[in-house]
Every structure is written in structure tokens, then in C-alpha cells.
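Observations on the model geometry
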Amino acid sequence: MSYPSLVSIADYSKEQMLHILELAAGFESNPNQNILQGKVAATLFFEPSTRTRLSFETAINRLGGRVIGFSDAATSSSTKGETLRDTIKMVSNYADIIIMRHFLEGAARYATEVTDIPIINAGDGANQHPTQTMLDLYSIQKTQGRLDNLKVVMVGDLKYGRTVHSLLMALKYFSPVFYFIAPEELLMPNEYKLICRENNIPYYENSNFEPEIIEQADILYMTRIQRERFTDLVEYEKVKNVYILHNHMLDKSKNNLRILHPLPRVNEISQDVDDNPKAYYFEQARNGLYVRQAIISHALGLV
Amino acid sequence: MDKKYVKKEMQVKALENGTVIDHIPANKLFKVVEILQLEQISNEVTIGNNLASKRMGTKGIIKVANRFFESKEINRIALIAPNAKINIIRDYQVTEKRIITLPDHFKGIVKCVNPKCITNNEVMEPRYNVISKSPLVLKCPYCEREIREEELQLL
Ligand SMILES: [Zn+2]
């Protein structure tokens with residue numbers, strides 16, 4: 001039996017990822033089905049994230065399932081000092097699957113050890129958010145018609161940005177070429193560069209965000225640079241406007257280029273990019289619905 | 001009597017049956033006591049520390065009478081005393097020499113370095129995967145942080 005929970009993108013093999021993408025395509029062409037009829041899903045958001053919660057709850061509702069849960073820790077029993085273990089055990093009595101977001105890292109992995117029902121990690125602190133990675137992968141496959149041999153440019157906070165780390169872990173099976181564009185303080189960590197080398201994946205690092213790099217790209221993955229990541233605020237002021245994408249920078253880019261961003265954005269993609277047909281970040285978010293439908297139905301063994 | 005013989009006599013002869021843990025780094029001796037939970041046993045325990053050692057400068061030694069640790073138990077000290085020597089004594093004779101090996105996975109002993117890790121916020125025992133033995137790199141399977149030797153904090 002395959003492991004039904006999804007805690008970290010590394011829990012999926014290449015084959016399982018491709019299977020989920022295939023299922024997601026099926027849900028995109030037919031998003032309203034009754035496969036979850038009679039099932040109860042719990043969405044436990046110990047840390048609020050309206051965007052992610054609505055995506056999951058829409059996925060469940062459109063498949064005919066029912067939802068219980070809470071949307072922030074203030075309304076949950078954890079504020080009364082209940083342990084995570086007890087909350088998970090209690091909810092396991094009522095639900096067929098738990099979708100959880102927690103501010104502590106490793107919370108979802110621990111939850112899988114105290115219950116027999118599947119756990120879907122909807123974000124555990126700065127650690128993992130695997131459904132985001134699957135929707136990124138789905139968006140790449142959908143816009144490029146393939147996952148293999150793509151040139152992927154990652155821009156912004158590559159040190160703390162969990163979405164770029166997980167995307168790298170997922171794309172490592174598909175012979176990509178990476179361009180890491182980040183300020184000195186926010187470079188891609190060595191452990192991920194080591195993974196590239198072990199998998200014979202070429203990567204280039206640059207602290208300048210130049211149109212010449214964009215011209216090569218099939219995928220331009222933008223991320224937010226957060227002020228709180230900097231110990232030196234002078235350094236932040238220096239770089240905050242360097243990693244911004246403006247429409248004119250896309251003039252010579254390839255026709256198939258698509259711009260992705262995990263959202264919400266602050267100012268790293270200028271609004272004049274939004275009308276460019278290469279901007280894909282809003283559609284990307286919508287793809288999350290189909291991918292989450294696929295992940296939930298798969299975890300429950302219904303597809 | 002030559003010097004070597006005297007030394008051997010001092011360290012081993014007193015023990016009729018039991019385990020001698022030798023060549024413990026002097027500054028780790030009491031951690032070894034703690035990890036093996038020797039304060040909780042009623043067997044006769046003899047502890048020597050800051051003893052002269054040709055190889056190590058100073059060292060610690062622990063003798064536990066009538067106790068034969070399982071490899072699984074003794075391997076728990078591998079993190080802090082990887083070069084310790086284990087001698088099993090029966091009837092005043094060294095009947096078995098054991099080498100400590102760090103297991104690929106273990107529970108407890110160290111604290112995850114990540115303050116936002118679930119293991120530091122929930123009543124639970126942490127566990128680790130050993131990614132590399134030399135240099136030592138552990139990985140917390142919960143928060144997925146890697147922990148290097150110089151960052152090790154014992155529980
Ligand atoms: Zn940890």
C-alpha cells in the first residue's frame with residue numbers, strides 16, 4: 001500500500017507525482033463530481049491562511065464532501081493548552097481525512113504518527129507546503145506541455161523560500177536547468193545545490209536580475225523578499241527594488257515563457273505585467289483547486 | 001610489576017562481572033552517565049575521571065558491576081563518545097570487546113536545534129536520522145532541519 005498522507009513533496013515518487021497531475025487534469029475538465037459523498041474532511045488551521053483554506057474547502061465541496069474544522073488557533077482547543085496529539089486524536093473520531101496548517105515545523109509529520117487517517121499538510125511553518133508544489137508542477141506542465149528539459153529561473157528569496165526549495169525537489173526528476181537569482185543574503189542553500197550536483201542538474205547563480213537571463217527562460221518563478229529576513233536593514237533597502245519584474249523586461253522573452261508566483265505578491269511583480277499573456281500567477285492559483293481535488297481523492301483511495 | 005600491568009589491574013581487576021566503558025572524553029563523562037541512566041540503577045558503579053591517557057590526554061572510565069549493556073543501549077553514547085571502548089568482564093576476564101557504532105536512526109539524546117520544531121513544543125520524544133557519520137550530520141524527520149556536530153545540544 002502506498003503512503004496515503006502527504007506531508008512533504010519527498011513523500012511522492014516521480015510516478016506518484018505524474019499520477020496526481022493526471023488526476024488533476026481530469027478534475028479540471030470535470031470539477032464537480034460526487035466522489036466525496038458521505039465523507040467528512042477536517043480542515044484544521046492552527047495558523048490562519050484564508051487563501052489555502054478556501055482552495056481546499058472548495059475542492060471538497062465541489063466533490064460532494066462535507067467540511068468541519070477551524071480557521072485559526074484562537075477558536076481551537078489548542079489555546080486551552082490541548083496538545084496537538086490530543087486534537088488530532090479527537091478529530092480522527094469524526095473525520096475521514098485531516099487537512100492541517102500549523103505554525104510549528106514538523107506538526108503534520110507528527111500528526112501522521114498519532115492517527116491512522118490520512119493527513120494532508122497545508123503548510124507547517126517554514127517547512128513544507130506540498131500541495132503548493134503540486135500546483136506549481138501542474139501549472140508548468142499545463143503551460144509548457146511537458147515537464148522535461150525546462151529552463152527555470154527562480155528569483156527573490158531563495159534562502160528561506162520553501163516554495164522554491166520544494167519545486168526544486170520536484171523538478172529534479174525532469175532534467176531542468178536552473179537559474180538562481182537572489183541577493184547575497186538570500187542565496188539558494190548549499191544542500192539544494194548539492195542535490196542539483198548529485199542529479200547532474202546544471203545551475204547558474206547570479207545576483208543581478210537581467211533581461212538576458214529572462215530571455216532564456218521557459219518558467220520565471222518569482223518570490224517575495226521579506227524585510228524580516230534581513231539582519232541588516234540597509235542591505236534590505238539596497239535589494240528590495242532590484243528583484244522586481246517589469247513588463248519591459250519581458251520584451252525579448254520566449255513565447256512559451258510563463259511567470260509564476262505563489263502569491264500573495266507585494267511589489268515584486270509590477271502591475272503592468274498582469275495584462276501580459278505570459279503572466280500566469282492568477283491561473284496558477286486556480287489550478288490549486290484541481291490539484292487538491294486530486295490529492296484528497298487519491299489519499300482516500302477513491303480514484 | 002611493569003607499569004602496564006598495574007594500570008590494567010587498577011581498571012579491570014576490581015570488577016568481577018560487568019561492563020567497563022573506557023576512553024570516554026573527560027568532558028563527556030557525566031553525559032555518558034546520564035545517557036545510560038546510571039543514576040537510576042542500584043548496581044555498583046565506579047567512575048573515574050580526568051585520568052591520564054596517552055592517546056587522549058585525559059579520559060574518563062566507568063565500571064558497572066553485573067550489568068551487560070545491549071549494543072542498542074550502549075550505541076546511544078556514540079554521539080558524544082564515539083571512540084569509547086567497551087569491555088565485557090566475566091569472572092575477572094575481558095570476554096568481549098565491543099565497538100560503538102552510531103545507529104542510522106535513534107530516539108532522544110539530542111534536542112532539535114530548530115526552536116519552531118514540533119519536538120520542542122509538544123510533549124514527545126524527538127528522533128533523528130543519521131545523514132553522515134563523519135562529519136556528523138543528523139536530520140530531524142519532523143522539521144527536516146539538518147543538525148551538525150558543532151550545533152549538537154543534548155537533551
Ligand atoms: Zn526538528
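Right above here is the structure, for reference.
Per-chain numbering applies: the sequence of each chain, read as written, is numbered from 1 onward. Lettering for chains starts from A, numbering for ligands starts from 1, and both go in the order in which the items are written. In keeping with the model being predicted, local features are shown solely for residues with a pLDDT of at least 70 and side-chain atom pairs are shown and tallied solely at 80 or more, while totals for entire chains, interfaces and linings include all residues. Hydrogen atoms and water are omitted, and side-chain values are computed over all heavy atoms in the structure.

Things to note about the coordination of the zinc ion
We count it as follows: A donor here means any N, O or S atom no more than 2.8 Å from the metal (3.2 Å for Na, K and Ca); water is not included, so a site may seem to lack partners. A site with four donors is called tetrahedral when every donor-metal-donor angle falls between 85 and 135 degrees; four donors are called square planar, and six octahedral, when opposite donors sit more than 155 degrees apart and all other angles fall between 65 and 115; any other arrangement is irregular.
Every protein donor of the zinc ion is listed here as Cys112 of chain B (SG), Cys117 of chain B (SG), Cys140 of chain B (SG) and Cys143 of chain B (SG), and their distances to the metal cover 2.3 to 2.4 Å. Each of the four donor atoms around the zinc ion contributes to a set of angles spanning 99 to 118 degrees, which defines the coordination as tetrahedral.

Focus on the packing of aromatic side chains
The test is simple: Pairing of aromatic side chains here covers Phe, Tyr and the six-membered ring of Trp, requires ring centres within 6.5 Å, and sorts the geometry by plane angle: under 30 degrees stacked, over 60 edge-to-face, intermediate tilted. Burial classification: accessible surface area is computed with a 1.4 Å probe over protein chains only, and a residue below 20% of its type maximum counts as buried, one above 50% as exposed, and the rest as partly exposed. Numbering goes from the N terminus for both helices and strands, where a helix is a DSSP run of H or I of at least four residues and a strand is a run of E of at least two. By definition here, charges over rings are those cases where NZ of Lys or CZ of Arg is within 6 Å of the ring centre and within 35 degrees of the ring normal.
Throughout the structure, instances matching the rule amount to nine aromatic pairs over all chains. When the ring of Phe178 of chain A is compared with that of Phe180 of chain A, the centres are 5.7 Å apart and the planes differ by 20 degrees; the resulting orientation is stacked. Classification of Phe178 of chain A as buried rests on a relative accessible area of 0%. The interplanar angle of 25 degrees and the centroid separation of 5.1 Å between the aromatic rings of Tyr179 of chain A and Tyr204 of chain A together place this pair among those described as stacked. With Tyr179 of chain A in strand 6 (residues 177-181) and Tyr204 of chain A in strand 7 (residues 203-206), this pair connects stretches of sequence that are 25 residues apart. Exposure remark for Tyr179 of chain A: the relative accessible area of 10% places this residue in the buried category. Put simply, the rings of Phe178, Phe180 and Tyr203 of chain A touch in pairs and so form one group of aromatic residues. Across the ring face of Phe56 of chain A, the terminal group of Arg292 of chain A is positioned such that the distance to the ring centre comes to 4.8 Å. The positively charged end of Arg90 of chain B is found above the aromatic ring belonging to Phe68 of chain B, 4.2 Å away from the centroid.

Quick notes on the interface of chain A and chain B
Definition in use: Any two residues whose heavy atoms approach within 4.5 Å at even a single point are treated as in contact. Reported buried area values correspond to the accessible surface (1.4 Å probe) lost by two parts on association, with both partners' losses combined. Throughout this description, the term salt bridge denotes a Lys or Arg side-chain nitrogen within 4 Å of a carboxyl oxygen of Asp or Glu. Contacts described as polar in this section are N or O atom pairs within 3.5 Å, which, within protein, must combine one atom able to donate a hydrogen with one able to accept it, while residues neighboring in sequence count only if both atoms come from side chains. Residues were grouped as follows: Ala, Val, Leu, Ile, Met, Phe, Trp, Tyr, Cys and Pro as nonpolar; Asp, Glu, Lys and Arg as charged; and all remaining residues, including Gly, as polar.
At the interface, 17 residues of chain A touch 14 residues of chain B. Buried surface at the junction of chain A and chain B, summed over both partners, amounts to about 1,200 Å²; 46% is from carbon and sulfur atoms. It is Leu104, Glu105 and Tyr110 of chain A that lose the most area in chain A upon contact with chain B, and together they represent 44% of the buried surface on that side. Counting the contacts that link chain A with chain B gives two salt bridges. Salt-bridge contacts for Glu113 of chain A lead to Arg127 of chain B; the nearest nitrogen and oxygen are separated by 2.4 Å. Our count for the contact surface shared by chain A and chain B stands at nine residue pairs in polar contact (both at pLDDT 80 or more). Mapped onto the side of chain A that touches chain B, the elements with two or more residues apiece are helix 3 (84-92) and helix 4 (107-114) of chain A. Split into classes, the residues belonging to the side of chain A that touches chain B amount to five nonpolar, six polar and six charged.

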